[in-house]
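# Fold and geometry: a report
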Amino acid sequence: MALDNYRDYNLTEDQKALKAKYAPLQKKYEYLDHTADVQLHAWGDTLEEAFEQCAMAMFGYMTDTETVEPLDSIEVEAEGHDMLSLLYHFLDEWLYKFSAEDFFVPREIKVLSIDRIRFKVRSIGWGEEFSLLKHPQGTEVKAITYSAMQVHEDEKPEVFVIIDI
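Reference entry: report on the structure contained in this document. Remember, predicted model here, so these are calculated numbers, not experimental data.

Conventions used here
Within each chain, residues carry numbers counting from 1 in the order of the written sequence. For a predicted model such as this one, the threshold for reporting local features is a pLDDT of at least 70, and the threshold for listing and counting side-chain atom pairs is 80 or more; totals across whole chains, interfaces and linings nevertheless cover every residue. The side-chain figures draw on all heavy atoms in the structure; neither hydrogens nor water molecules are used. The rule for a salt bridge is simple: a side-chain nitrogen of Lys or Arg has to be within 4 Å of a carboxyl oxygen of Asp or Glu. Under the DSSP-based scheme used, a helix requires at least four consecutive residues in state H or I and a strand at least two consecutive residues in state E, with every element numbered from the N terminus. Three exposure classes are used, based on accessible area relative to the maximum for each residue type with a 1.4 Å probe and protein chains only: buried under 20%, partly exposed in between, and exposed over 50%.

### Side note on the pattern of salt bridges
Scanning the entire structure with this criterion turns up 13 salt bridges. A single salt-bridge network, built from bridges that share partners, covers Lys21, Glu69, Glu128 and Lys134.

### Structural notes on unusual backbone geometry
A positive phi angle, near 55 degrees, is found at Phe103, a position not held by glycine. Its place among the elements puts Phe103 in the loop between α3 (83-101) and β5 (104-115). The partly exposed category is assigned to Phe103, whose relative accessible area is 43%. Positive phi, normally seen in glycine, also occurs at Phe119, with a value near 55 degrees. One can find Phe119 in the loop between β5 and β6 (120-129).

Following this line, the structure appears as structure tokens:
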């Protein structure tokens, strides 16, 4: 059974006002039940969009991304040796930007390119530094895992990733 896409963060009046300031985000992801962890399932019209949505699902688990203002931008590049390792490193680099380096939380992520031969990805995110005074606290994501990871590039590109919470 899928968890609700909307998580109740008990928003403050300031957070509600900030959400009202911007158009709602288009969310093409869901949270699936998984023992002790959470499985992200994201999709898009392209594989690039599926990667974007997967990263946003990860951040959406940590905070309500609609309370984030696009005040700054960060570029993230990653590489792997196949599509699974590329997705893993892509998400891991974004998680690093949040938890260890800049405390950056994006409102939106755009994948600029995926090199399917050299397994490289370039992306940019617009957001700001995470602040408990401004952003509701969700659940901390400790790590990305390879467990049950899937990347499908068929008619409907989609990815599945289990995150350690």
